[in-house]
Amino acid sequence: MRLNQKDIDHLRAQALPARENFIANAWRPAENGRKLDVISPINGKVFTSIAASDASDVDVAVRIARKAFDSGVWPKMAPADRKQVLLKWADLVEANALSLAVMGVRDNGTEIAAALKGEPLAAARVIRFYAEAIDKIGGEITPTRAGILSLIHREPVGVVGAIVPWNFPLMIGTWKLAPALAVGNCVVLKPSEDASLSLLRLAELAAEAGLPSGVLNVVTGEGPIVGKALGLHMDVDVLAFTGSGPVGRKLIEYSARSNMKRVYLELGGKSPNIVFSDAPDLDRAARDTADSIFRNSGQVCVSASRLFVERAIYNDFLAAVAAHAETLRVGDPLDLANTTGAMANARQLEKTVAAVKTAQEQGARLVTGGVRLHELSGGYYHAPTIFADVSTRMEVAREEIFGPVLAARTFDTESEAYVLANETVYGLSSIVWTASLARAHRAVAAIKSGIVQVNCYTGADVTSPLGGMKQSGNGYDRSLYALDKYVNLKSAWIDLSG
Ligand code: NAD
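Residues numbered from 1 in each chain as written. Predicted model: local features only at pLDDT ≥ 70, side-chain atom pairs only at ≥ 80, totals over all residues. Heavy atoms only, no water.

Glancing now at the environment of Phe387. Note that Phe387 resides in strand β17 (residues 385-388). Taking C-alpha positions, Phe387 is 42 Å from Ala18, a pair spaced 369 residues apart along the chain. (Helix = DSSP H or I, 4+ residues; strand = E, 2+ residues; numbered from the N terminus.)

In structure tokens:
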């Protein structure tokens, strides 16, 4: 799809009415009547509102989801028919891609080109992937013994609670919704308060596609109120979460305090990017290094925020990455002339500004950036920033900033590079640049992260699993393995002798 400034401007000029919760395929205000202002990161101005729900709204949504599940309207629908509903949903998402993308950008500030590709278009692909899987995966017969029929049934768990962040709400949202719905569950989704609009519209499109009432419900509001209520609810069977580590910990606690629901966590990262001097294409490596940390202002879970460069090429490579960073045009994310948009909210910008200050105080060398941009616009913009000569005692090398800040240092030997790469509590993603096939395999084995990318920075594809090691989480989004999160395996053991 080709982007055109006139179409974007037309969509951005449209007023967005106040949004309510989407429950049982209808708009429904929060029971307490409260609303939350939605502030655009583009200019810091309020442009609409969402429902500021509380535990009572969550309870209503969960009851409705449970009722829909127990009625069998969705879990007992023939898989081939469920597939048709999801395929129609994907078509509608694609047909509305530009308006969904612009709405999302007004909410979270991602540059429009990345938002279009990474949000509605990616979401449509994710929905189709799981729709196509529905009628191809069945149960099993186990090899037991004569006279016994041992079956494994794959049953939907029931009611799934999904809690998602603001960085790529449609893509990350469908990573949870599509597999959960595909296998026949009903869902209550809690979007981030900083990116609810496009997910509400996504649910409306699902209803339009024929998803029965009560199967997908969206409740908006503050995390510590709405997310907590979902986490503590006694009738939610599985909780699927993407977000920060501290909130992930709370969800495990809520589960323990309530019904011990299964909790799947996709959390943060501090991903390493290792550049060996035999990298096949150092120009590409420099460009992808910049892309991997500066796209969406660094607000990407798999951003490679730690750069390790072999000493012989360190200065030249750093200069090349800085040159790429300096060509990026940060500004209004809906202006096609800009390559990089705004940070999603004031909190995230302040966190980045504070992290930059601390890095300087702790002795990291600033190579480029380091400043807030376009402050007068009222928006939340930050320059792509590179620190060199960092050491592991510095916060910039350890803490996830989730902003456009790269921390670089040298290494001398291959084994030192892997030790440095693994010197983190996280294990989400990594990148390695080398021409040696043997070294590439050694790197894949040595680096403790869910994804290892060799000679590329690809971002995401629904066919491969995304899951963290260590404190980056558990379980997998994407791929057919994600379906396992949303089913119970039931063993049926039938004596055939009678
Ligand atoms: P966050 O943890 O602050 O919020 C995530 C969601 O949790 C939001 O919907 C929020 O409202 C909700 N929430 C907040 N407090 C809660 C509570 N007490 N109980 C229940 N729910 C609560 O994260 P964020 O700031 O929205 O997103 C950034 C984080 O997400 C980063 O750490 C980033 O690495 C991570 N992330 C991970 C992946 C991945 O796939 N691993 C993808 C994207 C983002």
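Picking up after the structure, the text goes on.
With that out of the way, let us pick up the packing of aromatic side chains. Within this structure, the stated rule accounts for 5 aromatic pairs. A centroid spacing of 4.8 Å and a plane angle of 65° characterise the contact between Phe22 and Trp27, whose relative ring orientation is edge-to-face. A relative accessible area of 3% places Phe22 in the buried class. Owing to a relative accessible area of 30%, Trp27 belongs among the partly exposed residues under this scheme. With a centroid separation of 6.5 Å and an interplanar angle of 75°, the aromatic rings of Phe276 and Tyr418 are classed as edge-to-face. In this pair, Phe276 is assigned in the loop between β12 (272-275) and α10 (282-294) and Tyr418 in helix α13 (residues 414-421), connecting sequence segments 142 residues apart. (Phe/Tyr/Trp six-rings, centres within 6.5 Å; stacked < 30°, edge-to-face > 60°. Buried < 20%, exposed > 50% of the residue type's maximum accessible area, 1.4 Å probe, protein only.)

According to the domain assignment, the chain consists of domain 1 (5-267) and domain 2 (272-462). Computed from C-alpha coordinates alone, the two centres of domain 1 and domain 2 are separated by 30 Å. If you look at the interface, domain 1 gives 29 residues, while domain 2 gives 30 residues. It is Pro41, Glu111 and Trp166 that lose the most area in domain 1 upon contact with domain 2, and together they represent 25% of the buried surface on that side. Inspection of the region where domain 1 meets domain 2 yields 3 salt bridges. Note that Asp332 is salt-bridged to Arg12, the shortest N-O span being 2.8 Å. Connecting domain 1 to domain 2 are 15 residue pairs in polar contact (both at pLDDT 80 or more). Going through the elements one at a time, α1 (5-12), α4 (97-108) and α5 (112-133) are the ones with two or more residues in the side of domain 1 that touches domain 2. With 6 residues, the single largest contributor to the side of domain 1 that touches domain 2 is α5. Taken together, the residues that form the side of domain 1 that touches domain 2 break down as 15 nonpolar, 8 polar and 6 charged. (Domains from an automatic or database assignment. Contact = heavy atoms within 4.5 Å. Buried area = accessible area lost by both parts, 1.4 Å probe. Salt bridge = Lys/Arg side-chain N within 4 Å of Asp/Glu carboxyl O. Polar contact = N/O pair within 3.5 Å; in protein donor to acceptor, adjacent residues only side chain to side chain. Nonpolar A, V, L, I, M, F, W, Y, C, P; charged D, E, K, R; others polar.)

The immediate surroundings of the ligand are formed by 30 residues, with Val164, Glu193, Ser244, Leu267 and Glu400 found nearest. Lys190 has a polar side-chain atom sitting 3.0 Å from an oxygen atom of the ligand. With the chains in place, 93% of the 840 Å² that the ligand exposes on its own is no longer accessible. Listing elements by their share of the shell around the ligand, those giving two or more residues are α8 (223-232), β10 (238-242) and α9 (245-257). Here the shell around the ligand is composed, by residue class, of 16 nonpolar, 8 polar and 6 charged. Inspection of the shell around the ligand shows a minimum of three residues originating in each of domain 1 (5-267) and domain 2 (272-462). (Near = heavy atom within 4 Å. Areas by Shrake-Rupley, 256 points an atom, 1.4 Å probe, with all protein chains shown as cover.)

This brings us to the side chain of Asp57. Inspection of the secondary structure puts Asp57 in helix α2 (residues 55-71). Buried Asp57, no salt bridge; nearest opposite-charge side chain is Arg28, N-O distance 5.9 Å. Within the local environment of Asp57, its side chain forms a polar contact with the backbone nitrogen of Asp54, the two atoms lying 2.9 Å apart. When neighbours within four sequence positions are excluded, Asp57 is seen to be in contact with Asn21, Ile23, Pro29, Ala30, Glu31 and Val219. (Lys, Arg positive; Asp, Glu negative; His and termini not counted.)

Our next topic: the pairing of strand β4 (residues 46-51). Of all 6 residues in β4, 5 are buried, a share of seventy percent or more. Hairpin connection between strand β3 (residues 35-39) and β4: a loop of 6 residues separates the two successive antiparallel strands, and Gly44 in this loop has a positive phi of roughly 75°. (Pairing = 2+ DSSP bridges.)

A word on the side chain of Glu414. In this structure, Glu414 sits in helix α13. Look at Glu414 and you get buried, because its relative accessible area is 17%. Polar side-chain contacts of Glu414 include one of 2.8 Å to the side chain of Arg442. Setting aside anything within four residues of it in sequence, one finds Glu414 in contact with Phe276, Arg439 and Arg442.

Attention now goes to the sheet that holds strand β21 (residues 453-454). With respect to topology, 7 strands assemble into an open sheet ordered β14-β17-β18-β13-β12-β20-β21, the strand pairing being mixed. Two strands in the sheet have a free side with no partner beyond their single neighbour: β14 (365-368) and β21. Bridge analysis of β17 against strand β18 (residues 405-411) gives 3 bridges, and the strand direction is parallel. The residue of β18 that forms the bridge with Thr385 is Val405.

With that out of the way, let us pick up the environment of Arg287. Take Arg287: it is sitting in helix α10. Along the chain, Arg287 and Ala320 lie 33 residues apart, while their C-alpha atoms are 7.9 Å from each other.

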